[in-house]
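This is what each chain is made of:
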Amino acid sequence: MTGARRLPEGGRIDRGTSLAFTFDGKPLQGHPGDTLASALLANGVTVVGRSFKYHRPRGLVGFGVEEPNALVTLGPGARTLANTQATMVELHQGLDARSQNRWPSLAFDVMAINGWASRFLAAGFYYKTFMWPPEAWTAFYEKVIRRAAGLGRASHEPDPDHYAKAHAFADILVVGAGPAGLMAALVAGRAGARVILVDEMPALGGRLRHTARAIDGSATTLWLEATLQELESLPNVRLLPRTSVFGAYDHGIMAAVERVSDHLPAETRGALPRQRYWQIQAKATILATGAIERGIALAGNDLPGVMLASAARAYLHEHAVVGGQRPVVFTTNPSGYVTALELMRAGVDVQAVVDPGPRVDNETVVALHEAGVQLYWHSTIEQAKGRGRVQGVVMADDVGGRREIACDQLLLSGGWNPTLHLTAHQGFRPHWDTKLQAFVPPADVGDITVVGAASGRFELENCLADGLNDAVALCRKLGFSAKTPTLPKLQENVPYTTTACFAVENASGGKAFVDLQNDVTVADLELAVREGYKSVEHAKRYTTHGMATDQGKTTGVVGHGVLAEILKRPVGEIGTTGYRPPYTAVAIGALAHHHRGQGFAPVRRTPLHDVQAKHGAVFFETGLWHRARYFPEAGEDMAAASRREVEAIRSTVGIADTTPLGKIELMGPDAQAFIERLYCNGFSTLKPGRARYGLMLREDGMVMDDGTVWCFAEGHFMITTTTANAAAVMSHIEFYHQYYWRELDVAYASVSEQWAGVAIAGPRSRELLQKLVDKPDLSDTAFPFMAVAEGRVGKVVCRIARISFSGERAFEIYVPAGYAADLYDRLMAEGAPLGIVPYGLEAMGTMRIEKGHVAGPELDGRTTPADLGLDRMQSRKKPHIGHALRDREGLLDPARPVLVGLKVVNAKHRLRAGAHLVPRGAEPIQSNDQGHVTSIAFSPSEGRYIALALLARGTDRHGQEVDAVFPLKKERVTVEVCAPCFVDPKGARLRG
Amino acid sequence: MRITCPYCGSRGSEEFTCLGNTPPARPADDAPVAAWVDFVYLRDNPRGPVTELWQHVQGCRTWLIVTRDTRTHTVAKVELASRATGR
Ligand SMILES: [Zn+2]
C-alpha cells in the first residue's frame, strides 16, 4: 500500500465526472482536470516505468515538462506515441497508456539483472566494451544493446493525424503565463500592443496555480480568474495555451508547437489538426518561462517516492493528490518549507524538514514549528531506503550523528534553475550566480526581455514586479503609452536564499543518481574525471549525462555541480553545456505540417494532361511535373509501346506535349545584344522569322542549359529552356540584367505557363499541321527548317517553329494555355487518317539519344561545349558568359571524357545508365575508370541497346570496344564506341 | 531570418534565395584568365559583416545586396542590386 491518494476535497478537477482509462491494461478512474500522472498517483500507482540502463523501478519526480521518469507509450496502432511524459498528458475517456522498458511486466523485469551487472555498465561503457572487432557491431552488439537499453518503440505505420502551420505576427510575444508573464501581457494588452501569450500547460497561471498565498487579500485563484478574464476580453491579445515555444531563431523568430487536440479522444477530434506548428514573429519577446526545481544526488534518490517539492505542491493544488502520507522534506531553499507547510495544512503528516544550510527564521518556519514539524538545519539526507519504494531516510545531523526517519516519501529541493533555454538558443551564454546557486541569463539577451524567475528573481513579488515594470518599459520603447498599474499586495514574503548542495556523500554504496533518465550516477562522473574527461562537454558525452529526452531539465545543473565538486573548482568556472532547440520534444509531423504527400511535392500538370489521359497516356513524375510517358495499346508494356511510337514517328507522324519547357519572352532594343551575351554561340545574325539552337554557359565555362531562341521581329524573342532549368535560367537572366548589364534596354518575363503546346514530328507532320494552321504557309520553301512565325489556328494565335528533337521533320506549336487541349484533340482527329500516334517521354528520349542530342544527364554541370562535341558552336568573336574560362588548360585536355555513342556488341545485352567504362576485361576499379554511360535507350533503328556516354579520348576511339561495368549489380557489358548519332547523321530527314 | 526587401518590406528569408557573397568586380572582357579565376572562385569568408546577393524569388524577383553579419545573422543593410556599385 502506497501513501499516494486523492484528498477528499480541493483541486481543480471535476469530481462529478469520472473518466475511465487504462495503464498497462488495468482499468482505472480519474477526473477531468487530471493528467495521466495525477490520475496514476490518485490511484496509488507509484511505479510508472523502468529506467533506461539498469531497469530500476521509477516513480513520478516532476509535474510538467521536467519529468524524467514517467515516460509512457500512448495509443493503439498507428497512433502509438512513445516516450510521452505522463505529466504532460491530459486525461481523457478511454486513454490507453503503457509503461516502457520493462519485460515481461512493470513489477517484475528480467533486465533488472543489469543492476547486478552494473559495474560493467559504468561511464563510457559503450566506448570501452564494444570496441572490436568492427563487424561485431552490426552482427551482435547493436542488436543486444538495442534490446537492453532503450525506451518506447515507435509505430511503423504512417501517421494518421494531420498537422497545421500558422504564422503569427505581434508587437510583443510573452512566453510563459505564470505571474510574471500574466502581468506583462496585461500591461502590454492594456497599452494596445498586439500581444501573444503562450504557455505550455493546458491552463494559464503557471505556479500561481500551485500556491496557497493570497494576492490583494484574497485567494490567488480570484486574482488569476480576473486577470485571465481581462486578457480574454482584449481583442489585441491572443492566448495560446498548450503551446510550447521550443526554439528561438534569428531576428526574433520563435518556433512553437500547439497541442490542438492531443487532449481529446481520437474519435472526437473531428477536423481538428493534432498539433499546430507556429512561427511567431514579434518585435520583442518577454521571456517569463519561470524556473525548474532541481533534485539532489543521494543514495537511493531514484526510489519511487522521491519527488521534487514543487511537484508535490503542484499535485496538491491542481489535482488534490498527494504522493505520500508521511513525507520527509530535504531542501536548500524556501520551496521545501512552503511545501511542507501546505501539505501539513492539507492533512499530510510531514515527518521532518531537513536543510543543509543555517536556520533562517521567517513566517513559514514559525508556522511549521508551531505545527509540530521537526526542523533540522546544517543537516543532510544521506540515503533513501526501501524495497521498491521509499520506506525511510538516513539523516546526518549537524554534529555528525546519523538517524533513520521512517517515511513514505522524500521531497527534494536542491534549488531552482531559471528556464533560460530560449536565451541560450540565441547564443547568449548563461553565467553562474553564486548567491542563487544557479545559471542565470546575462543582462543583455538581444531582443528578449527576461522577467521573474527566468531571470533568477524567484520570489512571487519580484515576478509580478518584473512583469509589470519591464512590460511598461518595453511598451514605451515600442511606442505604446503604457500605464503603470499598482502592484498586487502579497503577504508572507520570504526572500529566496539557498545553500549549495548538489550531492550528499554516503558510505552505503548505493547509487546516487545525477541523471535519472539516462541512469548516470555520481560514481559515473567521478570515473569520467579519473579517465580524463574533465570538461563539462566531454564528461556529458562520455557519461551521456543530460542527453536523454528530458535534456537534463532537473538534473543538468546537478551534474555540473557534482563535476565542480570532483574537480574542486567553482561551478561558474567549469561552465555549462550548450542549450539547443528544441526545448521539448516536437513531433516531426508538426514540423512537416502540410508538407507531406502532395503538400510536400505539389503536382504540376500541363493543360494537356486530361486530353492525353483520354488518349491512354501513362504518366510519371519528372520533378514536380506529371508527364505522359507512353501510350500503350492493348497488351503492350512500356518498351513495346514506346518502340511502336518511335517507329510511327519515323514513318508517319506523332504528337507529344512540350508544354513543360521553360519559355521566356524578351523584348526591347537591346534584347538581341542581351541574348548574344547569354549564349556562347552567335545570335547577331539571327533574323526575324528564324530560330536557332543556343547553348548557355556558366562563367566557369561549363554548360548550364540549352534551348532554342525564336526571333519573331526586331527586338522580340522567345527562348526555350530545359524543363528542369526553367526557373534557374529565369533567375540567371534577371541577375545579369539587374546586376551587371542594367544599361541594356530589355524587358523579359516567364511565359512558360501562358503558352502550351506540342511537338508534331514525322514525315507527315507538315501535312497534318497545315490542315489546322491558317497562317503561316508551312511549305518547305516558305517555312524551312528553323523557321518561326506567329500564326493562327482558326481565331487562336499560335507560335510555330520548325525545329526537331527527334531528327524527323518536326514542328513545335504553342497556343494560349486554355486552347491547348482543343488543339491536341483536333490534331489527333485530323491525324487519324495519317496514322498519327500520341507519344510520350520514353519515345522522345529514345529519339534524342538516337540523334545524339544532349539533355540533363549530359548537362550535369561538369561538361563543356567541347566535351559534348559542340565546340564549333562557340563563338570566338564575341564576349559572352563563360568565354574567359572555357579555354583553361584543364578544360582543353584531350584526355577529358567526351561525348560518344555506344552500342551493345551482343544484341541481347542491356545497358544501364551510370555504368562506368573500363578497358575490355579490366577490373572495375577507379584507376581503370575512363568515363560513364549517361543515357540509354533501346533503339528500334539499331535493334539493340544504345547509349550516350562520356569517354576519355572518346572521339579517337570510334570502333573500339570497351566494357560498361556496374559493380553494384555485378554487371559487365561489352559495347562498341561510335559517333553519338545513330540515325540520319547528315540530317536529310530533318530538313526534308 | 527576416530580410527587408526595398519593394515588399520585411519578409521571411524562405521567400528568398541566396547566390553567395558578392563577387569582386566582373573583369573586362579581355582581362587575363587569372582575373576571371579570382572573380569566379575566390571569396572571402569573414567572421563579421559580408555582402551577399539574394533574390526575392517568391516576391518581386528583385536581386538584392544584403549586408549580413555571419556571427549574428544581423542584417545591417539591404540594397537593390541594380543600384549597386563595384560590380
Ligand atoms: Zn520584394
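Predicted model only: the values in this text are computed from it and were never measured.

Conventions adopted
Residues numbered from 1 in each chain as written. Chains lettered and ligands numbered in written order. Predicted model: local features only at pLDDT ≥ 70, side-chain atom pairs only at ≥ 80, totals over all residues. Heavy atoms only, no water. Helix = DSSP H or I, 4+ residues; strand = E, 2+ residues; numbered from the N terminus. Buried < 20%, exposed > 50% of the residue type's maximum accessible area, 1.4 Å probe, protein only. Contact = heavy atoms within 4.5 Å. Areas by Shrake-Rupley, 256 points an atom, 1.4 Å probe, with all protein chains shown as cover. Lys, Arg positive; Asp, Glu negative; His and termini not counted. Charge placed at Lys NZ, Arg CZ, Asp CG, Glu CD. Pairing = 2+ DSSP bridges. Buried area = accessible area lost by both parts, 1.4 Å probe. Salt bridge = Lys/Arg side-chain N within 4 Å of Asp/Glu carboxyl O. Polar contact = N/O pair within 3.5 Å; in protein donor to acceptor, adjacent residues only side chain to side chain. Nonpolar A, V, L, I, M, F, W, Y, C, P; charged D, E, K, R; others polar. Donors = N, O, S within 2.8 Å, 3.2 Å for Na, K, Ca; no water. Tetrahedral: all angles 85-135°; square planar, octahedral: opposite > 155°, others 65-115°. Axes fitted to C-alpha atoms, helices over the stretch in contact; angles between N-to-C directions. Expected span 1.5 Å × (residues − 1). Domains from an automatic or database assignment. Parallel < 35°, antiparallel > 145°, perpendicular 65-115°, else oblique. Left-handed = near helix turned anticlockwise from the far one by under 90°.

Caption draft 1: Structural detail: the overall build of chain B. In terms of regular secondary structure, chain B is built from 1 helix and 6 strands. Tracing chain B from N to C terminus, the helices and strands come up as β-β-β-α-β-β-β. Taken along its principal axes, the extent of the C-alpha atoms in chain B is 40 × 30 × 20 Å. A buried classification covers 38% of the 87 residues belonging to chain B. Considering only intrachain contacts with a sequence separation of at least 6, the fraction spanning at least 24 residues in chain B is 41%.

Caption draft 2: Inspection of the overall build of chain A at higher detail. The helix and strand tally for chain A stands at 25 helices and 52 strands. A principal-axis box enclosing the C-alpha atoms of chain A has dimensions of 115 × 70 × 55 Å. Out of the 992 residues belonging to chain A, those deemed buried represent 59%. As presented, chain A carries roughly 40,400 Å² of accessible surface, and 54% of it is formed by carbon and sulfur atoms. Of the side chains in chain A, 107 bear a positive and 105 a negative charge, and the two mean positions are spaced by 3 Å.

Caption draft 3: Up close: the pairing of strand β36 (residues 662-667) of chain A. All names here are of chain A. Where burial is concerned, most of β36 is hidden: 5 out of the 6 residues are buried. As defined by bridge partners, β36 adjoins strand β39 (residues 716-721) across 6 bridges and the pair is classed as antiparallel. Note on β39: the bridge partner recorded for Glu 665 is Met 718. Bridging between β36 and strand β40 (residues 747-750) involves 4 bridges; their strand directions are antiparallel. Residue pairing across strands places Ile 664 opposite Ser 750, the latter belonging to β40.

Caption draft 4: Representation of the interface of chain B and chain A. Contact residues are listed per partner, giving 30 residues for chain B and 27 residues for chain A. For the chain B and chain A pair, buried surface summed over both sides reaches about 2,400 Å², with 54% attributable to carbon and sulfur atoms. A salt bridge links Arg 61 of chain B to Glu 734 of chain A; the shortest N-O distance between them is 2.7 Å. Between chain B and chain A we count 18 residue pairs in polar contact (both at pLDDT 80 or more) in total. For the side of chain B that touches chain A, the secondary structure elements donating two or more residues are α1 (33-41), β4 (49-55) and β5 (63-69) of chain B. Element by element, the count of residues in the side of chain B that touches chain A is highest for α1 of chain B, at 6 residues. Split by residue class, the side of chain B that touches chain A holds 16 nonpolar, 7 polar and 7 charged.

Caption draft 5: Broad picture of the pattern of salt bridges. All names here are of chain A. For the structure on display, the rule yields 56 salt bridges over all chains. For Arg 56, the salt bridge is made with Asp 302, and the minimal N-O distance between the two is 2.6 Å. Separated by 246 residues along the polypeptide, Arg 56 in the loop between β4 (49-50) and β5 (57-58) and Asp 302 in the loop between β17 (291-293) and β18 (306-308) bring together distant segments of the chain. For Arg 56, a relative accessible area of 23% translates into the label partly exposed. In this structure, the salt-bridge partner of Lys 283 is Asp 171, at a minimum N-O distance of 2.9 Å.

Caption draft 6: Spatial organisation of the coordination of the zinc ion. All names here are of chain B. Of the protein atoms, only Cys 5 (SG), Cys 8 (SG), His 56 (ND1) and Cys 60 (SG) coordinate the zinc ion, at distances of 2.1 to 2.3 Å. Considering all 4 donor atoms around the zinc ion, the spread of angles at the metal, 105 to 117°, places the coordination shape in the tetrahedral class. Ordering the donors of the zinc ion by residue number gives the pattern C-x2-C-x47-H-x3-C.

Caption draft 7: Summary view of the sheet that holds strand β25 (residues 402-406) of chain A. Residues and elements named next belong to chain A. Read across the open sheet, the 3 strands follow the order β23-β24-β25; overall the sheet is antiparallel. The outermost strands of the open sheet, each flanked by one partner alone, are β23 (380-385) and β25. If you compare each strand with its neighbour and ignore which way they point, the axes differ by 25° on average. Bridge count between β23 and strand β24 (residues 392-396): 5 bridges; the pairing is antiparallel. The residue bridging Lys 385 from the neighbouring strand is Gly 392, located in β24.

Caption draft 8: Highlighting helix α14 (residues 556-567) of chain A. Residues and elements named next belong to chain A. An ideal rise of 1.5 Å per residue puts 16 Å on 12 residues; α14 measures up with 17 Å between its terminal C-alpha atoms. The element α14 is largely enclosed, with a buried count of 10 among its 12 residues. When we look at burial in α14, the residues that qualify are Gly 556, Val 557, Val 558, Gly 559, His 560, Gly 561, Val 562, Leu 563, Ala 564 and Leu 567. Note on α14: the residue one or two positions beyond its end, Lys 568, has a positive phi of about 55°.

Caption draft 9: Main features of the sheet that holds β36 of chain A. Residues and elements named next belong to chain A. What the 5 strands build is an open sheet, ordered β37-β38-β39-β36-β40; its pairing is antiparallel. The open sheet has two edge strands, β37 (690-697) and β40, and neither has a second partner. Averaged over all pairs of adjacent strands, the angle between strand axes in this sheet comes to 25°, irrespective of strand direction. Its contacts with the sheet put helix α20 (residues 726-740) on β36, β37, β38 (703-713), β39 and β40, and the angle it makes with β40 is roughly 160°.

Caption draft 10: Layout of the domain arrangement of chain A. Domain annotation of chain A identifies domain 1 (11-126), domain 2 (164-291 + 418-478), domain 3 (294-415 + 495-574), domain 4 (609-633 + 641-659 + 754-846), domain 5 (662-750) and domain 6 (891-992). In this structure, domain 2 of chain A and domain 6 of chain A have C-alpha centres spaced 66 Å apart.

Caption draft 11: Summary view of the environment of Asn 681 of chain A. Residues and elements named next belong to chain A. Residue placement: Asn 681 occurs in the loop between α19 (671-678) and β37. For Asn 681, a relative accessible area of 5% corresponds to the buried category. Sequence separation of Asn 681 and Ser 875 is 194 residues, and the distance between their C-alpha atoms is 4.9 Å. In this structure, Asn 681 is in contact with Glu 676, Arg 692, Tyr 693, Gly 694, Leu 695, Met 873, Ser 875 and Lys 878, ignoring residues within four places of it in sequence. Looking at Asn 681, its side chain comes within polar contact range of the main-chain nitrogen of Leu 695, at 3.1 Å.

Caption draft 12: Main features of the side chain of Asp 700 of chain A. Residues and elements named next belong to chain A. As for its placement among the helices and strands, Asp 700 is situated in the loop between β37 and β38. Note on Asp 700: relative accessible area 11%, which makes it buried. Side chain to side chain, Asp 700 and Arg 698 meet in a polar contact 2.8 Å long. For Asp 700, the side chain forms a polar contact with the main-chain nitrogen of Met 702, separated by 3.1 Å.

Caption draft 13: Representation of the packing of helix α12 (residues 522-530) of chain A against α14 of chain A in the model. Residue and element names in this part refer to chain A. Contact pair α12 / α14: the axes reach a minimum separation of 10 Å and the direction vectors enclose 50°. As the angle between them shows, α12 and α14 are arranged oblique. The chirality of how α12 crosses α14 is right-handed. Taken together, the residues of α14 that come into contact with α12 (itself represented by Val 522, Leu 525, Glu 526 and Val 529) are Gly 559, Val 562, Leu 563, Ile 566 and Leu 567. In terms of residue class, the contact of α12 with α14 is built from 7 nonpolar, 1 polar and 1 charged.

Caption draft 14: Representation of the pairing of strand β8 (residues 96-99) of chain A within the structure. Residues and elements named next belong to chain A. Burial along β8 is one-sided: the residues Ala 97 and Ser 99 are buried and none of Asp 96 and Arg 98 is. Relative to β8, strand β2 (residues 19-23) runs parallel, the two being bridged by 2 bridges. Residue pairing for β8: Phe 23 is matched across the bridge by Ala 97. Sheet topology places strand β6 (residues 71-74) next to β8; 3 bridges connect them, and they run antiparallel. Residue Thr 73 lies in a different strand from β8, and its bridge partner there is Arg 98.

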